[in-house]
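Structure at a glance
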Amino acid sequence: MNNNRGQPIHTPFYYGWVVVMVAGLSVFFSGPGQTYSISIFIDYYIEDFEYSRSLVSGIYSAATLLAGITLFMMGRLIDRFGQRAMMVTIGSCLALALFWNAFLLGPIMMFFGFFMIRLFGQGSMTLIPNTLVPQWFIRKRGRALSIMAIGGFASSALLPPLNTWLIESFGWRMTWGLWGSALLILFVPLAFFFVRNKPEHIGEVPDGTPKPVKGESVNPNVEVNEKSWTLKEAMATRAFWFILFCVIVPALVNTAITFHMVSIMDLRGLDTGVAAMVLTLMAVIGFPVTFVSGYLVDRFKVHYILAITFFGHIFTLVILLFTNSWWMAVAFGVFWGFVNGFERIVLNIVWPNYFGREHLGSIKGLSQTVMVVGSALGPLPFGLFFDWLGGYQEVILLTILFPVTAGILALLSSQPKYEDYHA
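For the structure given in this document, a descriptive report is provided here. (Residues numbered from 1 in each chain as written. Predicted model: local features only at pLDDT ≥ 70, side-chain atom pairs only at ≥ 80, totals over all residues. Heavy atoms only, no water.)

This next bit is on the overall build of the chain. Looking only at helices and strands, one finds 17 helices and zero strands in the chain. Considering only C-alpha atoms, the chain reaches an extent of 60 × 45 × 35 Å along its principal axes. Counting across all 423 residues of the chain, residues that qualify as buried make up 61%. Expressed as a percentage of contacts within the chain between residues at least 6 apart in sequence, the contacts between residues at least 24 apart total 87%. Of the roughly 16100 Å² of accessible surface on the chain, a fraction of 71% belongs to carbon and sulfur atoms. Counting 25 positive and 22 negative side-chain charges, the chain places the centres of these two groups 11 Å from one another. (Helix = DSSP H or I, 4+ residues; strand = E, 2+ residues; numbered from the N terminus. Buried < 20%, exposed > 50% of the residue type's maximum accessible area, 1.4 Å probe, protein only. Contact = heavy atoms within 4.5 Å. Areas by Shrake-Rupley, 256 points an atom, 1.4 Å probe, with all protein chains shown as cover. Lys, Arg positive; Asp, Glu negative; His and termini not counted. Charge placed at Lys NZ, Arg CZ, Asp CG, Glu CD.)

Moving on, we get to empty space enclosed by the protein. Space left empty within the atom packing is revealed by a probe, the size of a water molecule, rolled over the atoms. The final tally for this structure, using the stated rule, is one cavity of 30 Å³ or more. There is about 690 Å³ of room inside the largest cavity. Breaking the lining of the largest cavity down by element, the ones donating at least two residues are helix H2 (35–49), helix H5 (107–136), helix H6 (141–170), helix H9 (238–259), helix H13 (326–355) and helix H14 (360–377). (1 Å grid on protein atoms, 1.4 Å probe; cavity = no way out; pocket = protein on both sides within 12 Å on 5 of 7 lines; lining within 4 Å. Points joined across faces, edges and corners; volume = space filled by probe spheres on them.)

Over its 23 residues, helix H7 (residues 172–194) extends 32 Å from the first C-alpha to the last, a length consistent with the 33 Å expected when each residue adds 1.5 Å. At Leu-183, H7 shows its maximal kink, close to 35°. Turning to H7, its buried residues are Trp-172, Thr-175, Trp-176, Gly-177, Trp-179, Gly-180, Ala-182, Leu-183, Phe-187, Val-188, Ala-191 and Phe-194. (Expected span 1.5 Å × (residues − 1). Bend = angle between axes of the 7 residues up to and from the residue.)

Further remarks concern the nonpolar core. Phe-114 and Trp-351 are the most contacted members of the largest nonpolar core, which has 138 residues in total. Sequence-distant contacts of Trp-351, that is, excluding residues within four places in its chain, are made with Phe-240, Ile-243, Leu-244, Val-247, Gly-356, Leu-360, Ile-363, Lys-364 and Ser-367. (Core = buried A, V, L, I, M, F, W, Y, C linked by side-chain atoms within 4.5 Å.)

Assignment of secondary structure puts Val-350 in helix H13. Looking at Val-350, the relative accessible area reads 2%, which means it is buried. Every residue in contact with Val-350, bar those within four places of it in the chain, is listed here: Ile-243 and Val-302.

This part is about unusual backbone geometry. Located in the positive-phi region is Glu-50, a residue other than glycine, with phi close to 60°. Position of Glu-50 among the secondary structure elements: in the loop between H2 and helix H3 (53–81). By relative accessible area, Glu-50 is classed as exposed at 72%.

Right, let's get into a nonpolar patch on the surface. Residues Tyr-304, Phe-311, Val-404, Ile-408, Leu-411 and Leu-412 make up a contiguous nonpolar surface patch of about 540 Å² in total accessible area. Secondary structure elements with two or more residues in the nonpolar patch: helix H12 (302–321) and helix H17 (401–411). Looking at the nonpolar patch, the element that brings in the most residues is H17, giving three residues. If you trace the backbone, Phe-311 turns up in helix H12. (Patch = residues over 30% accessible without salt bridge, like charges linked within 9 Å, V, L, I, M, F, W, Y side chains within 5 Å. Salt bridge = Lys/Arg side-chain N within 4 Å of Asp/Glu carboxyl O.)

Moving on, we get to the packing of H2 against H7. Between H2 and H7, whose axes approach to 11 Å, the crossing angle comes to 145°. Taken together, the residues of H7 that come into contact with H2 (itself represented by Ile-38, Phe-41, Tyr-44, Tyr-45, Asp-48 and Phe-49) are Trp-172, Arg-173, Thr-175 and Trp-176. Here the residues of the contact of H2 with H7 sort into seven nonpolar, one polar and two charged. (Axes fitted to C-alpha atoms, helices over the stretch in contact; angles between N-to-C directions. Nonpolar A, V, L, I, M, F, W, Y, C, P; charged D, E, K, R; others polar.)

So, about the environment of Arg-357. Mapped onto the elements, Arg-357 comes out in the loop between H13 and H14. Residue classification places Arg-357 among the buried positions, given a relative accessible area of 11%.

Here we take up the packing of H3 against H14. The packing of two helices is summarised by the inter-axis angle and the distance between the axes. Running from N to C, H3 and H14 cross one another at 175°; their axes reach a closest spacing of 7 Å. Between H3 and H14, the interaxial angle falls into the category roughly antiparallel. In contact with Ser-61, Thr-64, Leu-65, Ala-67, Gly-68, Ile-69, Leu-71, Phe-72, Gly-75, Arg-76 and Asp-79 of H3, H14 contributes Leu-360, Gly-361, Ser-362, Gly-365, Leu-366, Gln-368, Thr-369, Val-372, Val-373, Ser-375 and Ala-376. Counted by class, the contact of H3 with H14 contains ten nonpolar, ten polar and two charged residues. (Parallel < 35°, antiparallel > 145°, perpendicular 65-115°, else oblique.)

Limitation: the analysis is restricted to geometry and does not speak to function.
Here you go:
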């Protein structure tokens, strides 16, 4: 797939913003493979197949874990073939995976169904745009990622109630098929026509201007941006490993809570509609917060903002512990959305800011692998605690230890200096 055909359409503004729009669509269409969407299907699976909650959680966790391990290869493929070719290919693969899920017959098919939508959806359809947008922006990277994140928040806001309505109206099998058709008809052609891998491929430069605009504040996080680290070089730094742990925590915590949201709310006397409302509220609140976080990460040290985000995680989990009414569920959704709005930007911008653009696919691929593995580890303990103790209070208390640790490590993860490791 030739990536040097030039600009497909001429715009009065920098073409990188068109790329951001398609990247946002990619994040949106990762939705069918995300836990906030899959969680709506879980109770229907348990009822139709007569499985225990821990069995479905175990299948989901095992499939997600395998997807996470496999995802590492996607980063290398992105570096080799480019984002455009991979976006078209992965979008088509995800559509086929959704059709597979429409025909589930038992646990083996369920395992492979979960595996494919986690690998192609949650993993690859977010990995690709998060390596694409940083190629087009340096000074305005935080703002560009904030705009791209609109797709993620629109997806997490729309899919839970939309899936609920579609399943009630047409059944869960038809719902999977409708999402697969939407991917093939809408997303794949747009990615093929509009995406270009780098601004250099159309005769442009990052940000659309070769020099900083006079009077514009300097981003303190991109001073070594044009010095690109290889994955091996990045792995030699302390910051790499500390940030990698920070990536695991929100994946583990958010996936566990989202996966069991219907059950958690049910134990508090709140119905499925409230659970879907919390997921939607989280997305609605998180959407404007991404613009605030995008503004902040372009102006302040990113690891400080990351640390503050994890202390917000602690507060959010405490609220969940005491949620027993509709208004407490609303409060939880609001604070959860606020935290998610920050973490989506900070955890995506830290890698290109710290380690450059050239090998971003490999570096971000490993990060995404760890993220998916973290999301695999979350649901099963929650399911086991439910089956053993009949609730989630104890496991939520244990979970608080993770953001506490991540907050401390984030404070210790200042940006490494390229020269210190290449003297």
